[in-house]
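The chain contents come next:
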2 protein chains.
Amino acid sequence: MDVKTVCLGMLTDGEASGYDLKKHFESTFGHFFAAGYGSIYPALSSLAEQGLVSCEHIPQEGKPDRKVYQITTAGHTYLLKALEDPAPSHKVRSEFLATMCFAHLMSSEQVELVLDSRIEDTERYLTMFSKIECDGMQDWPPGMRFVLGFGRAVTEAVKAYVENNRHLLAEEHKAQTAIR
Amino acid sequence: MDVKTVCLGMLTDGEASGYDLKKHFESTFGHFFAAGYGSIYPALSSLAEQGLVSCEHIPQEGKPDRKVYQITTAGHTYLLKALEDPAPSHKVRSEFLATMCFAHLMSSEQVELVLDSRIEDTERYLTMFSKIECDGMQDWPPGMRFVLGFGRAVTEAVKAYVENNRHLLAEEHKAQTAIR
DNA sequence: CGCAACATGTAAGCGGTTACATGATTAC
DNA sequence: GTAATCATGTAACCGCTTACATGTTGCG
């Protein structure tokens, strides 16, 4: 499952431009599937070439033509095939955790800074989740609600863990064990 | 922070071969930083070329020479620089969540299968964490214990969330909201 | 006056994955 | 006998990131 497939999936919710899709990648999909314009625009071109989406050019003054994409029947078929994987991956790549593995090589000030930045990050996500929930989640498919709830639950777990266990990383207290 | 830097960090714990490091990437680092031989061996070669590690060739019969790497003073300096990033990233890339966004396009059997496979995955991780804790975590640096605890906490949160909210994805119950 | 939002794209490069290549030893 | 473990590597490929390129409209 790559950016192309996710774009295709987003288009099942209605027509959209690359610019529109980018906003989805930043908000609702942001916590588990990042993508920039450099991935999205080529993905849409490629989908159009394969006939999986159709494209309507809407001329605009001053701005480039707005290109609105719609999923085709072939696109739907393709998407359903892509969703058949019975064990889709769920990968974490964390420079944060890699850094924390070597906390004993760093100054405690540095470690504190890193932990603070991680907590800020989780707070940004939590704010975003609340905002999304406010402006109407009830018209969304159940899967989307499940996914948002997942993001919230995991983010809260991360925040709580970091807050409750950051004392482990102070050199003074080497013998303690993690709070569950 | 790339595979190279993580390898360098692992070598602060004592000399090791590429093969040894791979095992670390599978066990202790597995839940947040994956790497295969195709990344590790070139990384070590490159580190040696830059003088960040030294390499001892140990001849063996039948097998290729065992190459044991040790971090150098230059390597230590380099690592400390790399650890200075005050806001290291923590990224999730989840085909699982992407799939679940479109659960309404799938059969409930397919959805169930995907959810089961995710739970199995979390269980494998939890077993691994327990095993690691058993064979002596107390001699590890506090950072490593923090990271393992993080992995366990988040994995448990994932498992609980999936178990408690999978009913949201059954088409029958569209109006429900997520259990916190 | 400057910044954010609107709007699309290209191209180089990087980092990692996957498949391939080889082969002895040990445990079941 | 066959699978796992030990042990190292290369090369092609793929997908994504980053930087670059361009220009208008509207808000404060």
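Keep in mind that what you see is a predicted model, and the values were worked out from it rather than measured.

A word on the relation of the copies chain B and chain A. Structural alignment of chain B on chain A gives an RMSD of 0.0 Å, achieved by rotating through 180° and translating 0.0 Å along the axis. Classification of the inter-copy transformation places it as that of a two-fold axis. In terms of proximity to the rotation axis, the leading residue of chain B is B:Val92, whose C-alpha is 2.2 Å off the axis. By residue overlap, the copies meet face to face through one surface: 100% of the interface positions of chain B are interface positions in chain A.

Before going further, it helps to examine the pattern of salt bridges. Following the criterion strictly, the structure yields 20 salt bridges over all chains and no others. Linking B:Arg152 and B:Glu156 is a salt bridge whose minimum nitrogen-to-oxygen distance equals 3.4 Å. Of this pair, B:Arg152 and B:Glu156 both sit in helix H7 (residues 142–165), four residues apart, roughly one helical turn. When its relative accessible area of 9% is taken as the criterion, B:Arg152 is described as buried. Three or more residues joined by partner-sharing salt bridges are found here, namely A:Glu112, A:Asp116 and A:Arg166.

Axis separation between helix H7 (residues 142–165) of chain A and H7(B) bottoms out at 9 Å; the angle between their running directions is 150°. Comparing the axis directions of H7(A) and H7(B) gives the class roughly antiparallel. Both H7(A) and H7(B) take part in a crossing whose hand is right-handed. On the side of H7(A), the interface is formed by A:Arg145, A:Phe146, A:Gly149, A:Phe150, A:Ala153, A:Val154, A:Ala157, A:Val158, A:Tyr161, A:Val162 and A:Asn165, while H7(B) contributes B:Arg145, B:Phe146, B:Gly149, B:Phe150, B:Ala153, B:Val154, B:Ala157, B:Val158, B:Tyr161, B:Val162 and B:Asn165.

Glancing now at H7(B). Along its 24 residues, H7(B) runs 34 Å from first to last C-alpha, staying within 8% of the 34 Å computed at 1.5 Å per residue. By the criterion of burial, H7(B) is predominantly enclosed, with 18 of the 24 residues buried.

Calculation rules
The numbering scheme is per chain: residues are counted from 1 as the chain's sequence reads. Following the order in which they are written, the chains are lettered starting with A and the ligands numbered starting with 1. A pLDDT threshold of at least 70 governs which residues receive local features in this predicted model, and a stricter bar of 80 or more applies before side-chain atom pairs are shown or counted, although totals over entire chains, interfaces and linings include all residues. Values reported for side chains reflect all heavy atoms of the structure, with hydrogen atoms and water molecules removed beforehand. In this comparison the copies share one frame, found by least squares on the C-alpha atoms of residues holding pLDDT of at least 70 in both. Two residues form a contact once any of their heavy atoms are found within 4.5 Å. Between Lys or Arg on one side and Asp or Glu on the other, a salt bridge is scored when a side-chain nitrogen of the former is within 4 Å of a carboxyl oxygen of the latter. Where helices and strands are cited, they refer to DSSP runs of H or I of at least four residues and of E of at least two residues respectively, numbered from the N terminus. Only protein chains enter the calculation, and the probe is 1.4 Å; a residue is then buried if its accessible area is under 20% of its type maximum, exposed if over 50%, and partly exposed in between. To get an axis, fit a line to the C-alpha atoms, keeping to the stretch in contact for a helix; angles then go from 0 to 180 degrees between the N-to-C directions. In these notes the angle categories are as follows: under 35 degrees is roughly parallel, over 145 is roughly antiparallel, 65 to 115 is roughly perpendicular, and the rest is oblique. Two helices crossing with the near one rotated counterclockwise from the far one by less than a right angle form a left-handed crossing, whereas a clockwise rotation gives a right-handed crossing. Given the number of residues in a helix, its expected span is that number minus one, multiplied by 1.5 Å.

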